[in-house]
Amino acid sequence: MTSGAPLLEMRSISKSFGSIRALDQVDFEVRHGEVMALVGENGAGKSTLVKILAGMYAPDSGEIELAGRAVEFSGASQSEHAGIAVVQQELSLVPTLSIADNIFLGDTKRGWNTAPRVLALAAMPFLAQVGLENLDPRGRVERLTVAERQLIEVARLLARDARVLIFDEPTAALADREIERVKSVVQSLQYQGRSIIYVTHRLDEVFDLADRVTVFRDGRSNPPVSTGDITLDALISMMLGGSLAALFPDRGGGRPGEVVLEVSDLLTDRLSTPVSLEVRAGEIVGLAGQLGSGAGDTLRAVAGHETLLSGSVTVAGRAVRANSPAAAIRSGVGYSSSDRKRDGIFLQRPVVENLTSPSLGLVSTAGWLSRRAERRMSDRIARVFTIDRARLGSMAGALSGGNQQKVAVGKWTGSRPRVLLVDEPTRGVDVGARAEIYSHLRSIAGDGMGIVFASSDTQEVLGISDTVAAFFRGAQVSVRAREDTDSRLLTREITHPRTDGS
Amino acid sequence: MTGSGRVPTGGARPRSMIVPLAVVGALVVLGVIGWVTTPEFITYRNFLNIIRAAALIGIIAVTMTLITIAGSFFSLSVSQTAAMSAIGFAAFMSWGWPVWSAVLAVILLASVVGVLQGGAVALGGNPIVVTLAVGAVLFGLAAWLTDNKTVRTGTYAAEWIGTSRPLGIPTQTWAFVLIALLTAVMLTRTRFGREVTLVGANRWAAATVGIRPGRIAVYVFWVSALGAALAGIFTAAQFSQGRLDHFDGADIDAIAAILVGGAAIQGGEGSALRTAVGAVFIAGLQNLMVLRGFSYGVRVFFVGLAILVSVSAYTLLRNRRRLA
């Protein structure tokens with residue numbers, strides 16, 4: 001099935017953003033009718049490569065050949081004409097339009113006759129190819145499940161006659177049964193002779209679906225390996241390589257204090273089994289897991305942003321009223337979300353106002369704000385979190401991503417909560433600011449706060465946690481002391497826990 | 001304010017002066033145009049006319065500014081709330097109630113209207129739709145109960161509220177200045193004002209730091225209804241009567257004042273004092289156009305134009321600032 005000559009070949013591709021080298025002389029190829037898996041840690045360069053293929057970024061150097069001819073994509077439509085299409089992670093369907101409308105949306109070759117009946121008829125074969133022949137093409141997209149929408153997206157790309165389909169973490173947001181559906185569509189596309197690039201964090205999918213796998217690490221590529229010739233452990237080793245010790249602060253010798261946060265049998269509809277956790281003063285607990293693993297959802301639930309189906313949260317011995325962010329904050333729980341721009345920061349307000357926003361009660365007397373108290377508090381936070389104090393008066397939106405993240409996390413230290421929950425502490429943050437954030441988290445833990453963070457980056461979890469909990473598809477897989485785990489075990493637990501490897 | 005321990009504010013300060021300068025600049029331009037073209041525009045008498053007219057629009061607009069800053073756009077029921085208050089006040093006076101209890105009753109009535117609207121918005125209602133609907137309900141109710149007739153107070157007991165001039169300045173104007181200052185202080189110096197601003201800047205981030213956007217919505221709509229009630233009481237007292245059409249066009253004038261004042265339509269930014277200057281601008285513009293003998297249609301045209309120009313100008317300014 002996978003004949004020798006590559007259909008798509010990329011050679012010595014490099015791409016830099018400012019001083020950061022996202023891709024460094026990367027080679028990559030896909031053969032006719034092949035499923036090529038692309039794996040690597042966060043920041044390894046996978047999404048940069050995908051964006052280059054989608055025509056969204058131009059490479060700084062290197063060449064791309066499609067079916068033996070040199071090609072250059074300088075826009076999304078050009079790569080689409082060449083037959084390369086990306087199944088978007090963030091779905092790009094229009095919910096209020098019909099399925100058929102979405103399949104032919106923006107298709108300029110379709111001509112003027114867009115009567116619903118005509119489009120529906122034309123859409124049928126493409127729906128059949130993705131296993132959705134039972135759907136009425138005139139139905140609205142908003143009624144469909146996430147997996148069905150993703151398959152509609154695939155059908156849309158098939159309607160454009162895509163030869164190379166790129167799936168960018170297609171199963172990240174899906175439940176198990178829906179994942180099977182996507183997988184079987186990938187297989188049937190392969191039988192039709194199409195080539196597939198399958199980007200994923202889930203290593204079980206690599207072995208289930210792919211013929212070969214390419215591993216990216218720190219912006220460099222390994223030569224592709226046939227999945228029949230590699231073990232799971234060897235694959236994990238290739239992904240991790242050496243680690244950056246200097247990125248992480250010393251853990252210090254302090255003994256953890258009394259229990260500040262106790263989560264027992266917590267269950268929400270995002271979790272498949274109940275979660276229990278114990279966090280002590282001065283301790284950093286890392287919840288490791290991919291998107292959809294339940295690690296971030298556990299934090300959201302503790303912070304009062306999710307409805308609890310069962311279970312309880314206790315802070316410093318006192319029960320916290322569920323389902324209310326305000327009640328959680330009053331009990332001493334701070335929460336910094338993974339989506340900073342959405343609910344972590346006030347971009348159009350000054351940094352000072354951001355820093356004092358969770359502690360307005362502390363900087364006001366009888367409802368009157370004290371500018372001095374505000375300045376003192378924001379000054380103190382800025383000093384601890386190394387935020388440029390000259391920029392306290394500027395709009396938060398004018399800061400770099402790293403400084404915005406310091407504001408989003410640091411603002412919680414103003415009211416000195418007992419527990420700080422941080423979802424993805426370093427998302428969208430460059431390496432320098434990452435190291436700073438790690439050392440700040442360690443130092444505020446040293447002041448007696450309990451810290452729980454969720455992350456999909458195993459290096460980060462292992463680098464700063466005292467206790468590590470692994471999550472996989474809505475379930476807590478394990479809780480271990482840092483000494484009792486390593487990157488191999490943890491990576492296995494968050495990608496593929498139910499095998500009998502070691 | 002030049003203490004040495006003061007944290008420098010970076011480049012933000014000079015840039016944030018652009019909007020206030022633009023608001024005052026618009027007023028100055030209007031004054032110059034009036035002065036050049038129309039001799040009777042710049043007279044003490046006409047100045048009193050303008051600030052009296054500005055006062056009513058201003059009270060409504062300044063209190064509505066809280067709604068805009070909180071991210072709930074505008075209230076489209078303020079003219080009906082004000083008319084209802086004027087009619088209610090006239091009716092209560094005509095029943096022989098003492099002035100203070102008539103005032104209190106009107107305030108209670110308006111509070112119910114405001115809190116109900118705020119509650120509907122807190123539950124997720126679109127502010128424009130909610131206030132449009134409430135406005136229609138109030139108007140219909142008032143027309144029905146009064147049978148479309150003017151309600152006379154039948155007494156001059158409350159006339160002083162609308163006509164007296166302490167220190168030569170009308171009571172409405174005193175109230176306007178006082179309310180503008182109080183609202184400005186509330187917005188910039190109190191915890192409540194900060195919470196209003198933060199909810200408007202990003203309601204999800206506000207909820208995450210423990211501010212309850214729903215509660216803020218109830219308060220801002222309440223304050224706006226109180227402002228409208230006050231305008232209604234002043235008018236009913238001044239003319240010793242309440243009529244349905246007293247406040248025709250007040251919605252659009254108040255919104256124009258807010259927008260000329262440069263509040264961000266999507267919330268999170270705005271100033272009570274700038275809205276106050278905007279109200280004076282709109283009142284001055286209306287006054288000038290009446291003096292020039294412009295017809296009603298032409299006047300509406302120019303108010304609409306003022307909204308268009310200011311919204312476009314501030315949007316361009318803000319976009320440039322964001323890129324800078």
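Everything numeric in this text was worked out from a predicted model, so none of it was measured.

Some details on the packing of helix H3 (residues 44–69) of chain B against helix H12 (residues 250–260) of chain B
All names here are of chain B.
Here comes step 1: Between H3 and H12, the least distance of the axes is 9 Å, while the angle of their chain directions is 65°. The interaxial crossing formed by H3 with H12 has right-handed handedness. Within the contact between the two elements, H3 uses Ile57, Ile60, Ala61, Met64, Thr65 and Thr68 and H12 uses Ala250, Asp253, Ala254, Ile255, Ala257 and Ile258.

Looking at a nonpolar patch on the surface
Here comes step 1: Among the surface-exposed residues, Phe294(B), Val298(B), Phe301(B), Phe302(B), Leu305(B), Leu308(B) and Val309(B) lie close enough to one another that they form a single nonpolar patch of about 600 Å² accessible area.
Here comes step 2: Turning to its location among the elements, Phe301(B) is positioned in helix H14 (residues 296–323).

What to know about the sheet that holds strand S13 (residues 275–280) of chain A
Residue and element names in this part refer to chain A.
Here comes step 1: Judged by pairing direction, the sheet is antiparallel, and its four strands sit side by side in the order S13-S12-S15-S16 without closing on themselves. With partners counted over all chains shown, the strands left at the sheet margins are S13 and strand S16 (318–319), one partner each.
Here comes step 2: Looking at chain direction, strand S12 (residues 259–267) and S13 are connected through five bridges and run antiparallel. Looking across to S13, one finds that valine 259 is bridged to arginine 280.
Here comes step 3: Against the sheet, helix H9 (residues 295–302) engages S12, S13 and strand S15 (310–315), with an angle of about 110° to S12.

Some details on the pattern of salt bridges
All names here are of chain A.
Here comes step 1: Taken as a whole and judged by the stated rule, the model has 32 salt bridges over all chains.
Here comes step 2: In this structure, the salt-bridge partner of aspartate 218 is arginine 217, at a minimum N-O distance of 3.8 Å.
Here comes step 3: Here arginine 217 falls in the partly exposed class, since its relative accessible area comes to 31%.
Here comes step 4: Through salt bridges with shared partners, a single network forms among Glu9, Arg11, Glu63 and Glu65.

Quick word on the packing of aromatic side chains
Here comes step 1: What the rule picks out here adds up to ten aromatic pairs over all chains.
Here comes step 2: Judged by centre distance (6.4 Å) and plane angle (85°), the rings of Phe28(A) and Phe216(A) are edge-to-face. Of this pair, Phe28(A) sits in strand S2 (residues 20–31) while Phe216(A) sits in strand S9 (residues 212–217), placing them 188 residues apart in sequence.
Here comes step 3: With a relative accessible area of 2%, Phe28(A) lands in the buried category.
Here comes step 4: Plain terms: the ring middles of Trp95(B) and Trp97(B) are 5.9 Å apart, the flat faces sit at 65° to each other, and that makes the pair edge-to-face.
Here comes step 5: Of the residues examined, Trp95(B) reaches a relative accessible area of 57% and is grouped as exposed.

Describing the side chain of Thr413(A)
Residues and elements named next belong to chain A.
Here comes step 1: As for its position among the elements, threonine 413 is in the loop between helix H14 (401–410) and strand S20 (419–423).
Here comes step 2: A relative accessible area of 8% places threonine 413 in the buried class.
Here comes step 3: Excluding its chain neighbours within four sequence positions, the residues that come into contact with threonine 413 are Arg380, Ile381, Phe385, Ile444 and Met449.

As for the sheet that holds strand S21 (residues 450–455) of chain A
Residues and elements named next belong to chain A.
Here comes step 1: Strand order in this open sheet of six strands is S17-S20-S21-S14-S22-S23, and the pairing throughout is mixed. Bordering the open sheet on either side are strand S17 (333–336) and strand S23 (475–481), each of which pairs with just one other strand. The mean angle between the axes of side-by-side strands here comes to 15°, regardless of whether they run parallel or antiparallel.
Here comes step 2: As defined by bridge partners, S17 adjoins S20 across four bridges and the pair is classed as parallel. Counted as the bridge partner of glycine 334 is leucine 420 from S20.
Here comes step 3: Packing against the sheet, helix H17 (residues 487–495) makes contact with strand S14 (284–288), strand S22 (467–472) and S23, and its axis sits at approximately 30° to S22.

Structural notes on the domain arrangement of chain A
Residues and elements named next belong to chain A.
Here comes step 1: Domain assignment breaks chain A into domain 1 (6–240) and domain 2 (245–249 + 257–495).
Here comes step 2: Taken over C-alpha atoms, the centre of domain 1 sits 34 Å from the centre of domain 2.
Here comes step 3: Every contact between the two is made by 16 residues of domain 1 and, on the other side, 14 residues of domain 2.
Here comes step 4: Regarding the contact of domain 1 and domain 2, the summed buried area is about 1,500 Å², with carbon and sulfur atoms giving 46% of it.
Here comes step 5: Counting every contact that joins domain 1 to domain 2 gives one salt bridge.
Here comes step 6: Where arginine 473 meets aspartate 204, a salt bridge forms, and the shortest distance between an N and an O atom there is 3.3 Å.
Here comes step 7: Along the contact surface separating domain 1 from domain 2 lie one residue pair in polar contact (both at pLDDT 80 or more).
Here comes step 8: Elements that contribute at least two residues to the side of domain 1 that touches domain 2 include exactly helix H6 (176–191), helix H7 (203–209) and helix H8 (232–240).
Here comes step 9: When residues of the side of domain 1 that touches domain 2 are assigned to their parent elements, the largest contribution, five residues, is made by H8.
Here comes step 10: Residue composition of the side of domain 1 that touches domain 2, grouped by class: seven nonpolar, three polar and six charged.

Concerning a positive patch on the surface
Here comes step 1: A contiguous patch of positive charge on the surface is contributed by Arg321(A), Arg330(A), Arg212(B) and Arg215(B).
Here comes step 2: With respect to the element layout, Arg212(B) can be found in the loop between helix H10 (203–208) and helix H11 (213–239).

Quick word on the interface of chain A and chain B
Here comes step 1: If you look at the interface, chain A gives 35 residues, while chain B gives 29 residues.
Here comes step 2: For the pair chain A and chain B, the summed buried area comes to about 2,700 Å², and 60% of that belongs to carbon and sulfur atoms.
Here comes step 3: Of all residues in chain A, Phe346(A), Leu360(A) and Leu369(A) give up the largest surface area on contact with chain B, accounting jointly for 20% of the area buried on that side.
Here comes step 4: The interface formed by chain A and chain B includes two salt bridges.
Here comes step 5: Arg194(B) is the salt-bridge partner of Glu353(A), the closest N and O atoms lying 3.8 Å from each other.
Here comes step 6: Mapped onto the side of chain A that touches chain B, the elements with two or more residues apiece are helix H10 (325–330), helix H11 (340–343), helix H12 (351–356), strand S19 (368–369) and helix H13 (371–384) of chain A.
Here comes step 7: Classifying every residue of the side of chain A that touches chain B gives 13 nonpolar, ten polar and twelve charged.

Parameters and conventions
- Position numbers for residues count from 1 along each chain, tracking the sequence in the order it is written.
- The naming scheme follows written order: chains are lettered A onward, ligands numbered 1 onward.
- Reporting of local features is limited, given that this is a predicted model, to residues whose pLDDT is at least 70; pairs of side-chain atoms are given and counted only at 80 or more, and all residues count toward the totals for whole chains, interfaces and linings.
- Side-chain calculation: all heavy atoms of the structure are included, whereas hydrogens and water are not.
- Inter-axis angles, ranging from 0 to 180 degrees, are taken between N-to-C directions of lines fitted to C-alpha atoms, where helices are fitted over the stretch in contact.
- Numbering of helices and strands starts at the N terminus; helices are DSSP runs of H or I of at least 4 residues and strands are runs of E of at least 2.
- Working rule for handedness: look at the near helix, and if it is turned counterclockwise from the far one by less than a right angle, call the crossing left-handed; if clockwise, right-handed.
- Here a residue-residue contact requires only that any non-hydrogen atoms of the pair lie within 4.5 Å.
- Like charges are joined within 9 Å and nonpolar side chains (Val, Leu, Ile, Met, Phe, Trp, Tyr) within 5 Å, but only among residues with over 30% relative accessible area and no salt bridge; these make up the patches.
- Calculation of accessible area relied on Shrake-Rupley with a 1.4 Å probe; when residues are assessed, cover is drawn exclusively from the protein chains displayed.
- Salt bridges are defined as contacts in which a side-chain nitrogen from Lys or Arg sits within 4 Å of a carboxyl oxygen from Asp or Glu.
- Note: two strands are recorded as paired if DSSP finds a minimum of 2 bridges between them.
- Three exposure classes are used, based on accessible area relative to the maximum for each residue type with a 1.4 Å probe and protein chains only: buried under 20%, partly exposed in between, and exposed over 50%.
- We call Phe, Tyr and Trp rings a pair once their centres come within 6.5 Å, taking the six-membered ring for Trp, and we label the pair stacked below 30 degrees between planes, edge-to-face above 60, and tilted otherwise.
- By convention here, the domain bounds are inherited from an automatic or database domain assignment.
- Note on terms: buried area is the combined drop in 1.4 Å-probe accessible area of two parts once they are placed together, counting the loss on both.
- Identification of polar contacts relies on pairs of N or O atoms within 3.5 Å, with a donor-acceptor requirement for protein atoms, meaning one able to donate a hydrogen and the other able to accept it, and with residues adjacent in sequence counted only if both atoms are side-chain atoms.
- Any residue outside Ala, Val, Leu, Ile, Met, Phe, Trp, Tyr, Cys, Pro, Asp, Glu, Lys and Arg is labelled polar, Gly included; the first ten of those are nonpolar and the last four are charged.
- We score Asp and Glu as negative and Lys and Arg as positive, and we do not count His or the chain ends.
- For this purpose, a charge sits on NZ of Lys, CZ of Arg, CG of Asp or CD of Glu.

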